[in-house]
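# Structure at a glance
Each chain, letter by letter, is given below.
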Amino acid sequence: MSLLKVENLKMYYKTLRGYVKAVDDVSFDVGKKGAVGLAGESGCGKTSTALTILRLLPWNAEIISGSMMLDGMDLAKISDRKLRKEVRWKKISMIFQGAMNALHPIYNVGQQITEAILAHEDISKSEALERASELLELVGIEAEKINRYPHELSGGMKQRVVTAMALACNPAMIIADEPTTALDVIVQAQVLKVMKELQRKLDLSWILITHDLSLIAETCQKTAIMYAGKIVEYGDVVSIFKAPLHPYTKKLITAFPSIVGSRRELSSISGFPPDLLSPPQGCRFHPRCDQAMQICKTEEPPLKEKTSKGHYTACHLYGG
Amino acid sequence: MPKDVAIEARNLVKHFPIKMGFFKTLISKQTPVVHAVDDISFKIYKGEIFGLVGESGCGKTTTGRMLINLTEPTSGEVFFNGLNITAISQEHKMRKLRKNMQIIFQDPYESLNPRMGIFDIVAEPLRLQKMTKTSEELREKVAAALEDLDLAPPEEFMYRFPHELSGGQRQRIAIARAFVLRPEFLVADEPVSMLDVSIRSEVLKLLLTLIEKSHSSFLYITHDVALARHMCDRLGVMYLGKIAEMGPTEDLIRKPSHPYTEALIAAVPVPDPTSRRIEVTIKGEVPSAINPPPGCRFHTRCPYAKKICTVEEPELKEIKKDIRVACHFPL
């Protein structure tokens, strides 16, 4: 059962020099209790995809086409009011990149969490406070800490507070944008553990946005690899990590050193990600691909199921 | 055959005093200090890449800066080729030594002067050290340094400014600047943590070839154990200003002897969805370095801590060949 189904989504930023094709024909779905990882280099459209789902877009962004189905609603079409009243926080909430540094310094943790609850639900302040302390316990912070101010908390705790805040209105899904990048390894492992527990305890779905593929391997069931605004490979984590198809995915996986197994050479991708104002013709990866063929320069490969079921890739190497 | 020591730290200590208000200084007898680095000793051999790993705030960066005399140690000595560099007080003498010790900083957006062209940035160390006689020679050396880092053709980069370059290119300029003097010893402080994944591995590769080519000794500071494993010959694991464990990289990763090393390795995410990871056993976060815990500094988070750990500080002892551990009950 899918909870959110994104199909052929296109979102462009309008600029004086033309359209920046930040999200170009992206399709994926997130199952109930499922976790999907969006991975790719900076500027590949991961965050833009997430912002499009919640329609938290700047004025110059335009959803060109596509649909985002959630509980029979198309998030691309429903009114702003309905989106605000019914979807944000209650169905899908988001943990922004660096959110832990965005906590208000002069309000304590309890006040900040209850603010979110009171803005969306019609309950009394004391009920909201009670709920806030429950939420804190859920993410592994003692309820007494509810009166603490952000400066009294460590990085890992702040990240957990932000996670608790995202849970404030019992959403079915959380979008987390680089939730652990500023944290140390041990603290990162602790936060990931909390995320996995929440998924199990509350039947939560996650979209995890990160550039670190190993985080996705640890926490997600499915993953979409993005390059220059497009999904180049999509499927369950095991088949993507064990048998990656797209040359970009292969390189991305071996670009990270691993702590297990034998020491091997790291692969590197020469060149730079393309300018999304005028992406290259054909396959967008072809200028940096060492297996590029003639057809790659002219024809854009569609995202198709190739070798195994549920494993999609957009590459000419595997036939049309 | 005993290897030649390039640089040696002996009982290095760095305490940063905490700024207090005027009245507090009148009341309190002692200024509180942050124990950034607390009595550490190690050697880096010639041609070796030594890694310092640990969580943020464990004192790795301070150690790196003290080794090349950018931060003055509170006590302890640093020997570079047998010469005590902490005793050198005159700047002009130190400047001569700087020819042989360079640093690559973490953030290439901060470490390059935005008002200097790339040519001047890379040429500055050569000019300061008076390494070149003619301007042609200077030009040649700068061009060679840029080419070494795959910034080719060099003419295309020389006349640009840092803001015209991407993060990866900037960091390569910073590396070119450090290597242009062919230093004997280099410190790299998280040189790739600000870079994007696909660029990261390329910079690391270039760094490794350059180190090999110039036979430099290298101190690589990072929080990423997997990266340290890829880069370093030997590792030192730091915790709260102390070295917890030190030894050859592979031995340390395969069979850690200190509980902290074990936890640090277990916490690294593995890019393999089918592998079962060991659960993180340690809780909480690094205690404050102002009042570090008595006894073993790790005892507050250690799953194996016993009574003795809370009172007596373990010494860094050699338990196996080349492996030194500071723990009462090494694993």
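Residues numbered from 1 in each chain as written. Chains lettered and ligands numbered in written order. Predicted model: local features only at pLDDT ≥ 70, side-chain atom pairs only at ≥ 80, totals over all residues. Heavy atoms only, no water.

Summing up its helical and strand segments, chain B has 12 helices and 12 strands in all. Here chain B has a C-alpha radius of gyration of 21 Å; the compact-globule value for 331 residues is 20 Å, and the two agree. Reported as C-alpha extents along the three principal axes, the dimensions of chain B are approximately 70 × 60 × 45 Å. When each of the 331 residues of chain B is scored for burial, the buried share is 54%. Relative to all contacts within chain B whose residues are 6 or more apart in sequence, the contacts with residues 24 or more apart total 66%. Carbon and sulfur atoms make up 53% of the accessible area of chain B, which totals about 15,500 Å². Charged side chains of chain B number 45 positive and 42 negative; the gap between the two group centres comes to 5 Å. (Helix = DSSP H or I, 4+ residues; strand = E, 2+ residues; numbered from the N terminus. Rg over C-alpha atoms; globule rule 2.2 N^0.38 Å. Buried < 20%, exposed > 50% of the residue type's maximum accessible area, 1.4 Å probe, protein only. Contact = heavy atoms within 4.5 Å. Areas by Shrake-Rupley, 256 points an atom, 1.4 Å probe, with all protein chains shown as cover. Lys, Arg positive; Asp, Glu negative; His and termini not counted. Charge placed at Lys NZ, Arg CZ, Asp CG, Glu CD.)

Moving on to the pairing of strand β3 (residues 35-39) of chain A. Residues and elements named next belong to chain A. In terms of burial, β3 is a largely internal element, five of the five residues being buried. Sheet analysis places β3 next to strand β8 (residues 205-210), joined by five bridges and oriented parallel. Paired with Gly37 across the strands is Leu208, a residue of β8. In this structure, β3 lies alongside strand β9 (residues 222-227), joined through four bridges in parallel fashion. Among the inter-strand pairings, Ala39 is bridged to a residue of β9, identified as Ile225. (Pairing = 2+ DSSP bridges.)

Before going further, it helps to spend a moment on the nonpolar core. Of all hydrophobic cores here, the largest spans 99 residues; its most connected members are Phe28(A), Ile53(A), Leu75(A), Ile113(A), Ile175(A) and Ile207(A). In this structure Ile175(A) touches Ala50(A), Ile53(A), Leu54(A), Ile92(A), Ser93(A), Met94(A), Ile95(A), Ile207(A) and Ile209(A), once residues within four positions along its chain are discounted. Ala189(A), Ala143(B), Val270(B) and Ala289(B) belong to the second-largest nonpolar core, a separate cluster that totals 72 residues. (Core = buried A, V, L, I, M, F, W, Y, C linked by side-chain atoms within 4.5 Å.)

Our next topic: the packing of helix α4 (residues 118-128) of chain B against helix α5 (residues 135-148) of chain B. Residues and elements named next belong to chain B. Contact geometry for α4 and α5: axes closest at 10 Å, N-to-C directions at 115°. The orientation of α4 with respect to α5, classified from their angle, is roughly perpendicular. Crossing of α4 over α5 shows right-handed handedness. In this structure, α4 contributes Ile118, Phe119, Val122, Ala123, Leu126 and Arg127 to the contact, and α5 contributes Leu138, Arg139, Lys141, Val142, Ala145 and Leu146. Considered class by class, the residues forming the contact of α4 with α5 number nine nonpolar, no polar and three charged. (Axes fitted to C-alpha atoms, helices over the stretch in contact; angles between N-to-C directions. Parallel < 35°, antiparallel > 145°, perpendicular 65-115°, else oblique. Left-handed = near helix turned anticlockwise from the far one by under 90°. Nonpolar A, V, L, I, M, F, W, Y, C, P; charged D, E, K, R; others polar.)

So, about the interface of chain A and chain B. Opposite the 42 residues of chain A that make contact, chain B presents 42 residues. Summing the contributions of chain A and of chain B, the shared interface buries around 3,800 Å²; its carbon and sulfur component is 59%. It is Ile186(A), Ile259(A) and Arg263(A) in chain A that bury the most area against chain B; as a group they hold 20% of the surface buried on that side. Across the contact surface, chain A and chain B share one salt bridge. With a closest N to O distance of 3.2 Å, Lys242(A) and Asp272(B) form a salt bridge. Linking chain A with chain B are 11 residue pairs in polar contact (both at pLDDT 80 or more), by the criterion used here. Looking at which element gives the most residues to the side of chain A that touches chain B, the answer is helix α6 (residues 185-202) of chain A, with seven residues. The residue makeup of the side of chain A that touches chain B, split by class, is 19 nonpolar, 14 polar and nine charged. (Buried area = accessible area lost by both parts, 1.4 Å probe. Salt bridge = Lys/Arg side-chain N within 4 Å of Asp/Glu carboxyl O. Polar contact = N/O pair within 3.5 Å; in protein donor to acceptor, adjacent residues only side chain to side chain.)

What follows is about the packing of aromatic side chains. Residue and element names in this part refer to chain A. Enumeration according to the criterion identifies 11 aromatic pairs over all chains in this entry. Ring centres of Tyr227 and Phe285 lie 5.0 Å apart, and the angle between their planes is 80°; this geometry places the pair in the edge-to-face category. Here Tyr227, found in strand β9, pairs with Phe285, found in the loop between α9 (247-254) and α10 (294-298); they are 58 residues apart in sequence, far enough to count as distant. Among the residues examined, Phe285 registers a relative accessible area of 3% and is labelled buried. (Phe/Tyr/Trp six-rings, centres within 6.5 Å; stacked < 30°, edge-to-face > 60°.)

Moving on, we get to the sheet that holds strand β11 (residues 317-320) of chain B. Strands belonging to one sheet form pairs held by backbone hydrogen bonds; the direction of such a pair is parallel or antiparallel. Residues and elements named next belong to chain B. Strand order across the open sheet formed by eight strands is β6-β7-β8-β3-β9-β10-β12-β11, with mixed pairing between neighbours. The sheet is open, and its two borders are formed by β6 (101-104) and β11, each paired with just one other strand. When the angles between neighbouring strand axes are averaged without regard to direction, this sheet yields 20°. Judged from the five bridges that link them, strand β3 (residues 49-53) and strand β8 (residues 217-222) form a sheet pairing that is parallel. If you follow Phe50 over to β8, its bridge partner there is Leu219. This element, helix α2 (residues 60-67), spans β3, β6, β7 (185-189), β8 and β9 (234-239) of the sheet and lies at about 155° to β8. Along the sheet face, helix α8 (residues 197-214) touches β3, β6 and β8 and points at about 155° away from the line of β8.

Further remarks concern the sheet that holds β8(A). Residues and elements named next belong to chain A. If you walk across this open sheet you meet the eight strands as β6-β7-β8-β3-β9-β10-β12-β11, and the pairing is mixed. Edge positions in the sheet fall to β6 (92-95) and β11 (304-305), since each has one partner strand and no second. With four bridges joining them, β6 and strand β7 (residues 173-177) adopt parallel strand pairing. Across the sheet, the residue bridging to Ile95 is Ala176, located in β7. Running at roughly 105° to β9, α9 makes contact with β9 and β10 (230-236) of the sheet.

This part covers the pattern of salt bridges. All names here are of chain B. Applying the stated rule across the entire model yields 24 salt bridges over all chains. For Arg297, the salt bridge is made with Asp38, and the minimal N-O distance between the two is 2.5 Å. Of this pair, Arg297 sits in the loop between α11 (259-266) and α12 (307-311) while Asp38 sits in strand β2 (residues 33-45), and the two are 259 residues apart along the sequence. Overlapping salt bridges, with partners in common, bring together Asp148, Arg182 and Lys213 in one network.

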